[in-house]
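Summary of structural features
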Amino acid sequence: MSKLSYEDKINIYTKKKNGISRKVLSREYKINETNIQYLVRLIDKHGIKILRTDNNRKFNKLKKERIINRILLNNESLIFVAVDEGLSSPGMLCNWIREYKNMGYNIVERKRGRSPTMNKKEIKPKKNETIEEKVKRLEKENEYLKAEIEYSKKLRAVVQARKNQQQKKK
């Protein structure tokens, strides 16, 4: 249901409540009838606020495991649990279960965002630092920063060389 806008979802819900069939709505909005049924059940259970996608809801390991166990151990319906927990789609829950089984019944959370390309070491000053220790610390920091600058210069040179090669080929 991610291809529908917030307004589309509200329109589908109000039209369905006004008596328009799922079949007509599925043709109009070009989505599956089961998605319309799921959307209506979700809004009936949690209200219109559940459709807000201002910030993605995050589920920690314990909550994911509790939700998965409701299906695997308690034999509850996948769609019932998805609606009850307010998930954006039942497919999300299917993916969680598949990953859970593939990982040997362990929940592994994906790390989000880009991984750092360089580990920056910060050398923190001590409270009772002597002048000699301070000089050594600053020299190490200076050496590190010089190496970082040299690295970025070499990287820029390699990128520029590649660009020049591509321009020559054209």
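Our structure is the block above this text.
The structure displayed is predicted, hence computed values, not measured ones. (Residues numbered from 1 in each chain as written. Predicted model: local features only at pLDDT ≥ 70, side-chain atom pairs only at ≥ 80, totals over all residues. Heavy atoms only, no water.)

Its 14 residues place the ends of helix H3 (residues 33–46) 20 Å apart at the C-alpha level, agreeing with the 20 Å of an ideal helix rising 1.5 Å per residue. In this structure, the buried side of H3 is in contact with helix H1 (6–17), helix H2 (22–29), helix H5 (78–85) and helix H6 (90–102). The N-capping residue of H3, defined by a side-chain oxygen 3.3 Å from the backbone nitrogen of threonine 34, is asparagine 32. Looking one or two residues beyond H3, the residue adopting positive phi is glycine 47, at roughly 90°. (Helix = DSSP H or I, 4+ residues; strand = E, 2+ residues; numbered from the N terminus. Expected span 1.5 Å × (residues − 1). Contact = heavy atoms within 4.5 Å. Polar contact = N/O pair within 3.5 Å; in protein donor to acceptor, adjacent residues only side chain to side chain.)

Attention now moves to the nonpolar core. Ile12, Leu87, Leu93 and Trp96 are the most contacted members of the largest nonpolar core, which has 27 residues in total. Looking at this core, the elements that each hand over two or more residues are H1, H2, H3, helix H4 (61–72), H5 and H6. When residues of this core are assigned to their parent elements, the largest contribution, six residues, is made by H3. (Core = buried A, V, L, I, M, F, W, Y, C linked by side-chain atoms within 4.5 Å. Buried < 20%, exposed > 50% of the residue type's maximum accessible area, 1.4 Å probe, protein only.)

On to the pattern of salt bridges, then. With the rule as written, the count across this model stands at 11 salt bridges. Between arginine 70 and glutamate 76 there is a salt bridge, and its shortest N-O distance comes to 2.9 Å. Among the residues examined, arginine 70 registers a relative accessible area of 12% and is labelled buried. Given a relative accessible area of 24%, glutamate 76 falls into the partly exposed group. For glutamate 85, the salt bridge goes to arginine 70, with nearest N and O atoms at 2.7 Å. You can see glutamate 85 sitting in helix H5 and its partner arginine 70 sitting in helix H4, a full 15 residues away along the chain. Exposure remark for glutamate 85: the relative accessible area of 13% places this residue in the buried category. Several salt bridges share partner residues, and in doing so they unite Lys45, Arg66, Arg70, Glu76, Asp84 and Glu85 into one network. (Salt bridge = Lys/Arg side-chain N within 4 Å of Asp/Glu carboxyl O.)

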